[in-house]
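Topology and contacts: notes
Listed here are the chains, written in short residue letters.
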Amino acid sequence: MSIKDQPKPPRSRLIGNILLSLAGVFLILNFLLPMFLGPQLAAVPYSLFIHQVQEGDVARVQVGQNQIRYQLKAGENQPGQIFTTTPIFDLELPKLLESQGVEFAATPPPKNGWFTSLLGWVIPPLIFVAIWQLFISRGGGGPQGALSIGKSKAKVYVEGESAKITFKDVAGVEEAKVELVEIVDFLKTPQRFTQIGARIPKGVLLVGPPGTGKTLLAKAVAGEAGVPFFSISGSEFVELFVGVGSSRVRDLFDQAKKQAPCIVFIDELDAIGKSRSSSGFYGGNDEREQTLNQLLTEMDGFSAGDQTVIVLAATNRPETLDPALLRPGRFDRQVLVDRPDLAGREAILKIHAQQVKLGPDVDLRTIATRTPGFAGADLANLVNEAALLAARQMREQVAQEDFNEAIERVVAGLEKKSRVLNEKEKKIVAYHEVGHALVGAAMTGGGQVAKISIVPRGMAALGYTLQLPTEDRFLMDEAELRGQIATMLGGRSAEEIVFGSITTGASNDLQRATDLAERMVTTYGMSKVLGPLAYQQGQQSFLDNGVPNPRRMVSEETAKAIDGEVKEIVEQAHDQALDILKRNRDLLETIASKLLETEVIEGEELQGLLGQLQSAAAATV
Ligand code: ADP
Ligand code: MG
Ligand code: ZN
């Protein structure tokens, strides 16, 4: 579908809608209301009325413009009935009435006549105006503190505003920063680039998981560039009223072109940029499409040469975007804003730690080591949590222990001391967790088992085993993945060995283990039977949420083979876990009973216990 397939001008649709509602109001006021309010008299055909007059049955007649009311002559013991009829243009009527001796008169104008016409002719325009006002206010009402522009909700950040954000406030995303610094340079000194014939990209798309600092980076660009910065969120484009989204895009770009050089930032682009082929959840797909089409048209409409309008956009769901958005001349440059690595996390912690008073024992490096996978927003949250904990204990400075506690909170949800397990449940949870810990300690690649706890946390976890990576890992080999699966199954295996039965508590472990095994087979090509083929569609998104992608179309035999291999991997890991736990049955008992006593085991005590592990069997993968 080309973008010019649907040139429906939105403004006329808007007016059409209003006229339609106006017509409805009219109908109600002029026809329906009188019908309900007026006296309910039997209406008869005009011909019957004439007939009754000729027969001499009619006593008196009241002739109105739209209606004739008449009363029949009274019978012996009943008053004459009253009927109505609709007149036709009949000049003979007065003559006929007179010849029959019927008393007749014209209807006096109704007493509330002026009021009715007011209702009919003045109120509708008023309603029209009211609806119009509503539109204007919806379109133009910008958020507080920001200067709103015309009908578009965009905010302009003007240079020199208070609390200016610069690149110094962003850390851990160095590659993205380099790209954006280049764009700032271009806006400041375009000659440097145009001299040698370089063309700056029109559209730059910031792509990355939530909370990695995309919005923050865009604000930093605004702060550094010293040019007007229009910012709008994708969700603000798509609103209930038809035609508003696309006219907003038009307004926004009209304004931007007038102010060039400048930056237009569209946050959460996926709200409008969703692929047109994918069916939307809400019926109003059409509206979003028009907005998207308008955006594409606008981006094609200005050339990077004369008007320097650079469009920045951010999304955490690039795979849902319409391919047309990513074509050359539109968002042809994509900047990955990924989760920070160890050094990046330390740098981000440093930025946010400036807001709080740190105690002398705080080591940001250690905190960074313990928080792999945290995005910038998680780290900001972590610092705040730690500060809250310190404040709760009336301390003046944030200590390292506050950070340790805060990490656990952020990772596993808030401690729920109120949840009470009965003795039997507590025992099962204890053995389950020690099972994870022992298998985890015996395996390579999972990191150090740092803590076992049976204090319930959050909504789901009854206990947990904390395994801390000793370094950031980017690649895992097959043995390590198998080790992870075995560790996930360690909890259930311990339950089997000790109690001879299985509880519902292991379902999440099984889910994760099976997902990982499936990915080994279908994504990483680690199955000898199926070979190095990818059986899943598309690439695993970098937003790795652990859920496998849908499968490619495969033959029935292949599907069977995949299922067989996944089962094989999980079962092998299960056997391995059982084997380790059986060999270390005594240690399992020792640690579990200690855990039941203290609820938490960590630090040197835990390392001492795990040091007794006999992991000779672990080598046989
Ligand atoms: P996104 O738009 O990618 O979802 P935000 O830019 O809204 O994330 O980040 C939310 C907050 O988290 C920021 O205001 C900032 O306080 C913090 N933050 C996120 N990433 C970083 C980073 N790379 N450096 C410093 N702070 C960050
Ligand atoms: Mg954001
Ligand atoms: Zn478990």
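Rules of the game
Residues numbered from 1 in each chain as written. Chains lettered and ligands numbered in written order. Predicted model: local features only at pLDDT ≥ 70, side-chain atom pairs only at ≥ 80, totals over all residues. Heavy atoms only, no water. Helix = DSSP H or I, 4+ residues; strand = E, 2+ residues; numbered from the N terminus. Buried < 20%, exposed > 50% of the residue type's maximum accessible area, 1.4 Å probe, protein only. Contact = heavy atoms within 4.5 Å. Areas by Shrake-Rupley, 256 points an atom, 1.4 Å probe, with all protein chains shown as cover. Core = buried A, V, L, I, M, F, W, Y, C linked by side-chain atoms within 4.5 Å. pLDDT = per-residue confidence, 0-100. Pairing = 2+ DSSP bridges. Axes fitted to C-alpha atoms, helices over the stretch in contact; angles between N-to-C directions. Donors = N, O, S within 2.8 Å, 3.2 Å for Na, K, Ca; no water. Phe/Tyr/Trp six-rings, centres within 6.5 Å; stacked < 30°, edge-to-face > 60°. Salt bridge = Lys/Arg side-chain N within 4 Å of Asp/Glu carboxyl O. Near = heavy atom within 4 Å. Polar contact = N/O pair within 3.5 Å; in protein donor to acceptor, adjacent residues only side chain to side chain. Expected span 1.5 Å × (residues − 1). Parallel < 35°, antiparallel > 145°, perpendicular 65-115°, else oblique. Nonpolar A, V, L, I, M, F, W, Y, C, P; charged D, E, K, R; others polar.

Next up on the list: the overall build of the protein chain. Along its length, the protein chain carries 22 helices and 15 strands. Per-residue burial over the protein chain gives 43% buried out of 621 residues. Counted over contacts in the protein chain with a minimum sequence separation of 6, partners at least 24 positions apart contribute 72%. Just so you have it, the protein chain exposes about 33000 Å², and 56% of that area is on carbon and sulfur atoms.

Next up on the list: the nonpolar core. Ranked by internal contacts, the top residues of the largest apolar core, which has 46 residues, are Val434, Leu438, Val439, Ile485, Ile591 and Leu595. At the level of elements, helix 17 (423-442), strand 13 (448-453), helix 18 (478-499), helix 19 (507-522), helix 20 (556-583), helix 21 (585-598) and helix 22 (603-610) are the ones that each hand at least two residues to this core. Ranked by residues supplied to this core, first place goes to helix 20 with nine residues. Setting aside residues up to four positions removed in sequence, Leu595 forms contacts with Ala430, Val434, Ile452, Ser453, Ile454, Val600 and Ile601. Counting residues in hydrophobic clusters, the runner-up holds 28 residues, among them Val221, Val227, Phe229 and Val335.

This part covers the confidence of the model for the protein chain. Looking at the protein chain as a whole, its pLDDT mean stands at 77, while 74% of the residues score no less than 70. Here residues 139-151 scores under 50 on pLDDT; set against residues more than four positions off or in separate chains, the count is 24 contacts. Across residues 279-283 the pLDDT falls below 50, and counting only partners more than four positions away or on other chains, this stretch makes two contacts in the model.

Ordered by their spatial adjacency, three strands build an open sheet running 14-13-15, and the pairing between neighbours is antiparallel. Lying at the two open borders of the sheet, with one neighbouring strand each, are strand 14 (464-468) and strand 15 (600-602). Each adjacent strand pair in this sheet contributes to an overall mean axis angle of 20°, direction not counted. Note that strand 13 and strand 14 share five bridges and pair antiparallel. When the sheet's bridge partners are listed, Ile452 is paired in strand 14 with Thr465.

The next point concerns the coordination of the zinc ion (ligand 3). Every protein donor of the zinc ion (ligand 3) is listed here as His432 (NE2), His436 (NE2) and Asp509 (OD), and their distances to the metal cover 2.0 to 2.1 Å. Within one chain, the residues donating to the zinc ion (ligand 3) are spaced in sequence as H-x3-H-x72-D. With His432 and His436 both in helix 17 and four residues apart, the pair spans about one turn of that helix. As far as burial versus exposure is concerned, His432 and His436 are alike and both buried.

Summed over all chains, the structure comprises five aromatic pairs. Taking the centre distance of 5.7 Å and the plane angle of 50° together, the rings of Tyr46 and Phe49 count as tilted. Of this pair, Tyr46 and Phe49 both sit in helix 2 (residues 46-54), three residues apart, roughly one helical turn. Comparing Tyr46 with Phe49 shows no difference in burial state: the two are buried. An angle of 45° between the planes, with centres 4.7 Å apart, marks the rings of Phe49 and Tyr70 as tilted.

This part takes up the sheet that holds strand 5 (residues 103-106). If you walk across this open sheet you meet the five strands as 1-4-3-2-5, and the pairing is mixed. Only two strands of the sheet have a single partner each, and these edge strands are strand 1 (42-43) and strand 5. Relative to strand 5, strand 2 (residues 58-63) runs parallel, the two sharing four bridges. What sits directly across from Gln62, in strand 5, is Ala105.

Counted according to the given criterion, the structure contains 13 salt bridges. Residues Lys451 and Glu408 are paired through a salt bridge, measuring 2.6 Å at the closest nitrogen-oxygen approach. One end of the pair, Lys451, is in strand 13; the other, Glu408, is in helix 16 (residues 400-412), and 43 residues separate them in sequence. A single burial state applies to Lys451 and to Glu408, both of which are buried. With a closest N to O distance of 3.8 Å, Lys567 and Glu571 form a salt bridge.

Around ligand 1 sit 14 residues, and of these Ala171, Gly211, Lys214, Thr215 and His352 come closest. A distance of 2.7 Å separates an oxygen atom of ligand 1 from a polar backbone atom of Gly211. A distance of 3.3 Å separates a nitrogen atom of ligand 1 from a polar backbone atom of Thr212. Protein contacts shield 77% of the accessible area of ligand 1, which totals 560 Å² for the unbound molecule. Mapped onto the shell around ligand 1, the elements with two or more residues apiece are helix 8 (214-225), helix 13 (342-353) and helix 15 (376-392). Sort the elements by how many residues they give to the shell around ligand 1 and helix 8 lands first, with three residues.

What follows covers the pairing of strand 2. Of the strand pairs in this sheet, strand 2 and strand 3 (residues 68-72) are connected by five bridges, and their pairing is antiparallel. The residue bridging Val63 from the neighbouring strand is Ile68, located in strand 3.

In a regular helix each residue adds 1.5 Å, so 17 residues correspond to 24 Å; helix 15 covers 25 Å between its end C-alpha atoms and thus fits that length. When we look at burial in helix 15, the residues that qualify are Gly376, Leu379, Leu382, Val383, Glu385, Ala386, Ala387, Leu389 and Ala390. Note on helix 15: the residue one or two positions beyond its end, Met394, has a positive phi of about 60°.

Counting through the fold element by element, Gln400 comes out in helix 16. On the accessibility criterion, Gln400 (11% relative accessible area) is buried. Within the structure, Gln400 has its side chain in polar contact with the backbone nitrogen of Asp363 (distance 2.8 Å).

Turning next to the environment of Val249. Within the secondary structure layout, Val249 lies in helix 10 (residues 244-259). Of the residues examined, Val249 reaches a relative accessible area of 0% and is grouped as buried. Sequence separation of Val249 and Gln294 is 45 residues, and the distance between their C-alpha atoms is 6.6 Å.

Within the secondary structure, Lys168 sits in the loop between strand 7 (152-157) and helix 6 (174-188). Remark: the alpha-carbon pair of Lys168 and Ile351, spanning 183 residues in sequence, is separated by 8.5 Å.

Another aspect to go through is the packing of helix 17 against helix 20. Relative orientation of the contacting elements helix 17 and helix 20 amounts to 100°, with a least axis distance of 10 Å. With respect to each other, helix 17 and helix 20 are oriented roughly perpendicular. Along the contact surface, helix 17 presents Gly435, Leu438, Val439 and Ala442, while helix 20 presents Ala577, Ile580 and Leu581. The residue makeup of the contact of helix 17 with helix 20, split by class, is six nonpolar, one polar and no charged.

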